[in-house]
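So you can see what is in the structure, the chains are spelled out below.
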Amino acid sequence: MSIFQERRDKLKRLVKKSGADAILVTYVPNVAYLTGFTGDSSYLLVSDDRTLVFSDARYTTQLAEECPDLEAEIRGPGTTMVQLLGRALPGKFARIAIEAASMNVALHERLTAEFSQIEFVSSTGLVEELRMIKDKDELAAIRRAVYIAERAFGVAKAVLRPDHTEKQIADEIEHQVRLFDGTCTSFPSIIAAGPRAALPHAGATRARLGDQEFVLCDWGAREDLYVSDMTRVLVFGKVSAKLAKIHDVVHRAQLAAFDVIKHGVGLAEVDRAARKVIEDAGYGPKFGHSLGHGIGLEVHEAPRLAADQKDQLKAGMVITIEPGIYLPGWGGVRLEDDVLVTKNGCEILTHVPTALEECVVV
Ligand code: ZN
Ligand code: ZN
């Protein structure tokens, strides 16, 4: 049985438990997860006895190549997706689960108007729940995405000069990710020098690194649909006492999180462990985001490591741990690594040195 069939079988059990006859999967990463199909604009219907992909003629060949075991309904030009669904849905299903977190209102309105005899019921997170636990192929793909991102960063760091701009670093990372056989970066790199590093999600600008003391780099690679995501600070010249102090607090916060991570520990508990270090150092209000998130087919996916989360870590989850301290007017330090949760602890998948002395650009 293919891994995709296994995933769909697990999904069927969740759908049944939710009380629906079938699920219409419309979220592209979820379709990819359940089928191995790498195109977009396609929906997947999964019921107890039928799996059917709805797509258009651009993907006929690709679907046959990537998912030969799947039954496909293909629309030609002039046929809408809803008309295509009309060939398979009416008369077969009373209750179809839809993905409420991603289906847009317009599609929902069209479906309910067109298929008035079907009850479309909201569901959230059914496929996402399965996606949280990575199997060995997914883990191998994430490891490759980490490897590519790290090699790319190593080259970008080696060629970096203070007269470069933020955008030039971002472009170099993108170029190197592709040279190392990655598909692309997993998101537009966040490259923020000096005071701009106080913006946790600053885009790379044409600002020269000039005489800024340091630059925050948050980047990742995509490979085989899977991603990596990491953050380091690079320093030009001498490390100031202030940077050394803040970097040390953030690093200790990260280590405190690594220490508590293992199967069964609460997501909120991990956030707490890191946040406490930052609070104790007097920077609590300067750490304004959650501690981390799952990675996989997407850069941000379940679970979320935050104070309001009630669930627990499970072995096989891959999460980021990324505490930060941001001081407007001065800059910010964030350290981000990718971590595999195991039964008794964790494995840190990323290996870029964290120590400041190893992050100095010469
Ligand atoms: Zn990141
Ligand atoms: Zn992240």
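Look above for the structure.
Residues numbered from 1 in each chain as written. Chains lettered and ligands numbered in written order. Predicted model: local features only at pLDDT ≥ 70, side-chain atom pairs only at ≥ 80, totals over all residues. Heavy atoms only, no water.

Student: Any details on the sheet that holds strand S8 (residues 190–193)? Residues and values, ideally.
Tutor: The strand order across the open sheet built from four strands is S8-S9-S12-S20, with neighbouring strands paired in mixed fashion. Bordering the open sheet on either side are S8 and strand S20 (360–361), each of which pairs with just one other strand. In this sheet, strand S9 (residues 214–219) lies alongside S8 in antiparallel orientation, the contact comprising four bridges. Within S9, the position partnered with Ile191 by the bridge is Cys217. (Pairing = 2+ DSSP bridges. Helix = DSSP H or I, 4+ residues; strand = E, 2+ residues; numbered from the N terminus.)

Student: I'd like to hear about the packing of helix H9 (residues 241–260) against helix H10 (residues 267–280), residue by residue, with values.
Tutor: At a minimum axis distance of 8 Å, the contact between H9 and H10 shows a crossing angle of 155°. Of the possible angle classes, the one that applies to H9 and H10 is roughly antiparallel. Relative to H10, H9 is oriented so that their crossing is right-handed. Along the contact surface, H9 presents Val249, Arg252, Ala253, Ala256, Ala257 and Val260, while H10 presents Val270, Ala273, Ala274, Val277 and Ile278. Looking at side-chain class alone, the contact of H9 with H10 contains 10 nonpolar, no polar and one charged residues. (Axes fitted to C-alpha atoms, helices over the stretch in contact; angles between N-to-C directions. Parallel < 35°, antiparallel > 145°, perpendicular 65-115°, else oblique. Left-handed = near helix turned anticlockwise from the far one by under 90°. Contact = heavy atoms within 4.5 Å. Nonpolar A, V, L, I, M, F, W, Y, C, P; charged D, E, K, R; others polar.)

Student: Go over the coordination of the zinc ion (ligand 1) with me, naming the residues and quoting the values.
Tutor: The protein atoms that coordinate the zinc ion (ligand 1) are Asp218 (OD), Asp218 (OD), Asp229 (OD) and Glu336 (OE), at distances spanning 2.0 to 2.5 Å. Of note is the zinc ion (ligand 1), whose four donor atoms meet at the metal with angles of 56 to 152° in an arrangement that counts as irregular. In this structure, the zinc ion (ligand 1) lies 3.2 Å away from the zinc ion (ligand 2), the two metals sharing Asp229 as a donor. One end of the pair, Asp218, is in strand S9; the other, Glu336, is in the loop between strand S17 (331–334) and strand S18 (337–341), with 118 residues separating them in the sequence. On the basis of relative accessible area, Asp218 is assigned to the buried category, the value being 2%. For Glu336, a relative accessible area of 0% corresponds to the buried category. (Donors = N, O, S within 2.8 Å, 3.2 Å for Na, K, Ca; no water. Tetrahedral: all angles 85-135°; square planar, octahedral: opposite > 155°, others 65-115°. Buried < 20%, exposed > 50% of the residue type's maximum accessible area, 1.4 Å probe, protein only.)

Student: Let's hear about the pairing of strand S5 (residues 95–99): which residues, and what values?
Tutor: Across the five residues that make up S5, a large majority, four, are buried. The pairing of strand S1 (residues 22–25) with S5 spans three bridges and is classified as parallel. Paired with Ile23 across the bridge in S5 is Ala97. Across five bridges, S5 lies against strand S6 (residues 119–123) in parallel orientation. The residue of S6 that forms the bridge with Ile98 is Ser122. Traced from S5 through helix H5 (residues 105–114) to S6, the parallel crossover comes out right-handed. (Right-handed = clockwise from strand over helix to strand, strands pointing away.)

The values reported here are purely geometric and, on their own, carry no functional implication.
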